[in-house]
Amino acid sequence: MSACTVDIVSTAPAALDPLPVLGHDVRVPLATGEEVTYAALDYAASAPALQRVWDDVAAYAPYYGSVHRGAGYLSRLSTELFENSRAEVASFLGCRADDQVLFTRSTTDSLNLLASALPHGCEVFVYETEHHAALLPWGSHGHRVRVLDAPASPALAVELLERALAARDPYGPALVCVTGASNVTGELWPVRELAAAAHAHGARIVLDAAQLAPHHPVDISALDVDWVALSGHKLYAPFGAGVLAGRPDWLREAEPYLAGGGASRHVVRGADGGVAVEWHTTEARHEAGSPNVIGAYAIAAACRALRDAGFDRLVERERQLVRRVREGLAAVPGVRVLSLFGADAPRVGVLSFVVDGWDSSRLAAALSAEYGIGVRDGLFCAHPFVRRLAGETGEAGDGARGPRNAVRVSFGAGTPDEHVERFLRAVGELVARGDRP
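Residues numbered from 1 in each chain as written. Predicted model: local features only at pLDDT ≥ 70, side-chain atom pairs only at ≥ 80, totals over all residues. Heavy atoms only, no water.

Engineer: Account for the packing of aromatic side chains, naming residues and giving values.
Structural biologist: Applying the stated criterion to the full structure yields nine aromatic pairs. Taken together, the ring pairs connect Tyr 127, Trp 189 and Phe 341 into an aromatic cluster. When the ring centre of Trp 250 is taken as origin, the NZ or CZ atom of Arg 204, which lies over that ring, is 4.2 Å away. Sitting above the plane of the Trp 358 ring, Arg 362 keeps its charged end 4.0 Å from the centroid. (Phe/Tyr/Trp six-rings, centres within 6.5 Å; stacked < 30°, edge-to-face > 60°. Lys NZ or Arg CZ within 6 Å of the ring centre and 35° of its normal.)

Engineer: Residue-level account of empty space enclosed by the protein, with values.
Structural biologist: Counting across every chain of the model gives one cavity of 30 Å³ or more. Approximately 70 Å³ is the volume attributed to the largest cavity. Here the lining of the largest cavity is composed, by residue class, of six nonpolar, two polar and two charged. (1 Å grid on protein atoms, 1.4 Å probe; cavity = no way out; pocket = protein on both sides within 12 Å on 5 of 7 lines; lining within 4 Å. Points joined across faces, edges and corners; volume = space filled by probe spheres on them. Nonpolar A, V, L, I, M, F, W, Y, C, P; charged D, E, K, R; others polar.)

Engineer: Can you break down helix 6 (residues 154-166) residue by residue, with the values?
Structural biologist: Compared with an ideal rise of 1.5 Å per residue, which puts 13 residues at 18 Å, helix 6 spans 19 Å between its outermost C-alpha atoms and is within 8% of the ideal. Listing the buried residues of helix 6 in full gives Ala 157, Val 158, Leu 160, Leu 161, Ala 164 and Leu 165. Down the axis of helix 6, the buried side of the element spans an arc of 165°, and every buried residue falls inside it. Exposed residues lying more than 90 degrees from the buried face of helix 6 are Ala 155 and Ala 166. Contacts from the buried residues of helix 6 go to strand 5 (123-127), strand 6 (144-148), strand 7 (174-179) and helix 7 (191-200). (Helix = DSSP H or I, 4+ residues; strand = E, 2+ residues; numbered from the N terminus. Expected span 1.5 Å × (residues − 1). Buried < 20%, exposed > 50% of the residue type's maximum accessible area, 1.4 Å probe, protein only. Arc of directions from axis to C-beta. Contact = heavy atoms within 4.5 Å.)

Engineer: Outline the sheet that holds strand 14 (residues 350-355), supporting the account with residue identities and numerical values.
Structural biologist: Taken together, the four strands give an open sheet; going across it, the order is 13-14-19-16, and neighbouring strands pair in antiparallel fashion. Each end of this open sheet is capped by a strand with a single partner; those strands are strand 13 (335-337) and strand 16 (376-378). Looking at each pair of strands side by side, their axes are set apart by 30° on average, direction ignored. Here strand 13 pairs with strand 14 via three bridges, running antiparallel. Paired with Val 337 across the two strands is Phe 353, which belongs to strand 14. (Pairing = 2+ DSSP bridges. Axes fitted to C-alpha atoms, helices over the stretch in contact; angles between N-to-C directions.)

Engineer: Describe the pairing of strand 8 (residues 204-208), with residues and values.
Structural biologist: In terms of residue burial, strand 8 counts as a mostly covered element, since five of its five residues are buried. Residue alternation in strand 8 divides its side chains into two sets, Arg 204, Val 206 and Asp 208 and Ile 205 and Leu 207, and both sets are buried. Judged from the five bridges that link them, strand 7 and strand 8 form a sheet pairing that is parallel. Along strand 8, the bridge assignment pairs Leu 175 with Arg 204. Taken together, strand 7, helix 7 and strand 8 constitute a β-α-β crossover, and its handedness is right-handed. (Right-handed = clockwise from strand over helix to strand, strands pointing away.)

Engineer: Residues and numbers for the packing of helix 12 (residues 360-371) against helix 14 (residues 417-433), please.
Structural biologist: Relative orientation of the contacting elements helix 12 and helix 14 amounts to 115°, with a least axis distance of 10 Å. Here helix 14 runs roughly perpendicular to helix 12, going by the angle between their axes. Judged by the twist between their axes, the crossing of helix 12 over helix 14 is right-handed. In this structure, helix 12 contributes Leu 363, Ala 366, Leu 367, Glu 370 and Tyr 371 to the contact, and helix 14 contributes Arg 422, Phe 423, Arg 425, Ala 426, Val 427, Glu 429, Leu 430 and Arg 433. Taken together, the residues of the contact of helix 12 with helix 14 sort by class into eight nonpolar, no polar and five charged. (Parallel < 35°, antiparallel > 145°, perpendicular 65-115°, else oblique. Left-handed = near helix turned anticlockwise from the far one by under 90°.)

Engineer: With reference to specific residues and values, describe the environment of Gln 320.
Structural biologist: Along the chain, Gln 320 falls in helix 11 (residues 311-330). Accessibility expressed as a relative area gives 34% for Gln 320, which makes it partly exposed. Taking C-alpha positions, Gln 320 is 26 Å from Ala 390, a pair spaced 70 residues apart along the chain.

Structure follows, in structure tokens:
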């Protein structure tokens, strides 16, 4: 058995069937005392693991060992698997020949790593619509941050960026950070056009693909972005790993993200009584400590599973689910689906909405207690954006006033049609009769 060739033989799902996921048959209690199969409709927070990913990891688990520098068979096997996982992710993302693929803890960790590696004096441009993972790291690392207004259309997004970049210091380094698909509305952003605008003005661009990669192919070369960040737990892979992939120069020139073993090539006692360090220039420079081998392998397994399932098939099936949810919510009185680019804007399987007279937390709780449906309510770590779309203040169901939040329903490759139909029926019934006391 070779660690890099752990394969699971499985029957490919029929066209437009959901992919098998863990937890598809979990039963949960209802307020009535009955039980029902859980409907997981919170993919945007954490997607259920694909069964194939779990099986691949389970097949490797008995061979688990420490990676890099270990002479034992399991260490060498695990090192081979770890580095081949890096190559698998690079292929999945369409990386260029000299791009680096770093394994991190999450998208948040990836963007903080990149923020730590930006040149001194770098100016960062980011829209107010971004997830906090993309909105907050830059200022925390001392960079100048220019927050752009929420655009009303993809074309305006490009126009706003071009105007902002044209007004910057043309000789200093600059970075644009943008999502590929909003974690609030699911709407697709014009990444290729934004990358062209950034490069035309001497700036680089990083793509937050946390919500895009699980739903749509991401190709660094075709999009012409400089870096991509994503999380395994949204890509149907458990175990807490993420990826930062892209251009190596700023990463090679930066101080290591963490100082420690693995990042260091040589360490010697200095004449002054301290230590002198030579750091790696490869991915290892920013991967100090014992890496999350299982997490990295799970991401690679998810990449293989999605590729083998056929992304065109997955995209088409999800497009049908999005259409059904939009039509179903539109038929419920008082429901308003949040949108930045307009009702007809293309989006992945992420939709947020508010309901007249309902506090969103109460509605989400009723969906769980009465129907066994798991959705998300709140501001989704995108506070400025949700408050802009939902309204700064509003009348909650209990008469209190305060920041409006929303309900988010999200789904993907493992979502059965029945879960979507149960959700739409539940929203309609709750709005019509109210929740149970």
